[in-house]
Amino acid sequence: MTRTNETHTTVPDLSALSEYPAAWTHTAKAIFPGPPLVVPGACLKWYDIRRADDQAAPHVTDEARAFLTERAAAKEVEFRGELGFVLLHLDGGKYYMLVCVWRDRDEMWQGLFYKDDDGFLPYPPKPGLLRPTQNVVELDATSHERRGWSRYLRSARDAAAKQAYLDDACTGELV
């Protein structure tokens, strides 16, 4: 039986929910801003995300930037005159690239790619209605970007406000 009062609901048995192996620990990551990527139809802030003790891999960043530039030029990734951001995340030894744009004024649209031996590819869709979108450290960076975009929406939305959005970089530790 579930009991509800005015401030919270008590669920009697939480033991089977959100269980993870005892040996697993959540690891904070660091975020490293890079120069914006300008592609046909968009200007995207750039971030590399990795553990603080992982070495930077400029060749992977260059490969990701070239991939996205080529796909935008070929209109395989559709940009519509937008601002946004890219998260290139090293997680579990693999690279994931999240491409996010602000569309229809206040919506974030996202494309997801991963890197294998052949380069970057679209992340295959998962079955079902619920699908992975971002992990918790990616959401931390996205929260920064959401706040920045909200400030832009409340501004004059002129060239100076656009530049202020681009200059507002997420830095430090993501948890």
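Just above sits the structure.
Note that the structure is a prediction, hence the values are computed from the model and not measured.

Criteria and cut-off values
Residues numbered from 1 in each chain as written. Predicted model: local features only at pLDDT ≥ 70, side-chain atom pairs only at ≥ 80, totals over all residues. Heavy atoms only, no water. Buried < 20%, exposed > 50% of the residue type's maximum accessible area, 1.4 Å probe, protein only. Helix = DSSP H or I, 4+ residues; strand = E, 2+ residues; numbered from the N terminus. Arc of directions from axis to C-beta. Contact = heavy atoms within 4.5 Å. Core = buried A, V, L, I, M, F, W, Y, C linked by side-chain atoms within 4.5 Å. Salt bridge = Lys/Arg side-chain N within 4 Å of Asp/Glu carboxyl O. Axes fitted to C-alpha atoms, helices over the stretch in contact; angles between N-to-C directions. Parallel < 35°, antiparallel > 145°, perpendicular 65-115°, else oblique. Phe/Tyr/Trp six-rings, centres within 6.5 Å; stacked < 30°, edge-to-face > 60°. Lys NZ or Arg CZ within 6 Å of the ring centre and 35° of its normal.

**Topic: helix H3 (residues 159–167)**
Since there are 3.6 residues in each turn of an α-helix, residues three or four apart along the chain are aligned in direction. Those residues of H3 not exposed but buried are Ala161, Tyr165 and Leu166. Buried residues along H3 cover an arc of 140 degrees about the axis, so they all sit on one side. Pointing more than 90 degrees away from the buried face of H3 are the exposed residues Ala159, Ala160 and Asp167. Considering only its buried residues, H3 is in contact with strand S4 (42–50), strand S5 (82–91), strand S6 (94–103) and helix H2 (136–153).

**Topic: the nonpolar core**
Generally speaking, nonpolar side chains in soluble globular proteins are found buried as a group. If you look at the biggest cluster of nonpolar residues, it comprises 22 residues, and the most contacted ones within it are Leu44, Leu68, Phe79, Leu88, Met97, Val99 and Phe120. Broken down by secondary-structure element, the contributors of at least two residues to this core are strand S3 (29–39), S4, helix H1 (58–73), S5 and S6. Examining the composition of this core, we find that 5 residues originate from one element, H1, more than from any other. In contact with Leu44, not counting residues within four places along its chain, are Pro36, Leu37, Val39, Leu68, Phe79, Gly84, Phe85, Val86, Val99, Cys100 and Val101. Cys43, Leu83, Leu98 and Cys100 belong to the second largest nonpolar core, which has 20 residues in total.

**Thoughts on the pattern of salt bridges**
All told, the structure shown has 9 salt bridges when counted by the stated rule. Where Arg80 meets Glu78, a salt bridge forms, and the shortest distance between an N and an O atom there is 3.0 Å.

**Notes on the packing of H2 against H3**
Running from N to C, H2 and H3 cross one another at 170 degrees; their axes reach a closest spacing of 10 Å. On the basis of their axis angle, the class for H2 and H3 is roughly antiparallel. Together, Glu145, Gly148, Trp149 and Tyr152 of H2 and Ala161, Lys162 and Tyr165 of H3 make up the contact between the two elements.

**Some details on the packing of aromatic side chains**
One pass over the full model with this rule turns up 9 aromatic pairs. Each ring, one from Tyr20 and one from Trp24, has its centre 6.1 Å from the other, and the planes form 45 degrees; the classification is tilted. According to the relative accessible area criterion, Tyr20 is exposed, its value standing at 57%. Accessibility expressed as a relative area gives 53% for Trp24, which makes it exposed. Ring centres of Tyr114 and Tyr123 lie 6.0 Å apart, and the angle between their planes is 90 degrees; on these two criteria the pair is classed as edge-to-face. With relative accessibility at 26%, the residue Tyr123 sits in the partly exposed group. Among the aromatic residues, ring-to-ring pairing joins Phe85, Trp102, Trp149, Tyr152 and Tyr165 into one connected group. Above the face of the Trp46 ring, Arg65 is positioned so that its terminal group lies 5.0 Å from the ring centre.

**With respect to unusual backbone geometry**
Phi at Arg105 takes a positive value of approximately 75 degrees, unusual for a residue other than glycine. Along the polypeptide, Arg105 turns up in the loop between S6 and strand S7 (107–116). Although it is not a glycine, Arg157 adopts a positive phi angle of roughly 55 degrees.

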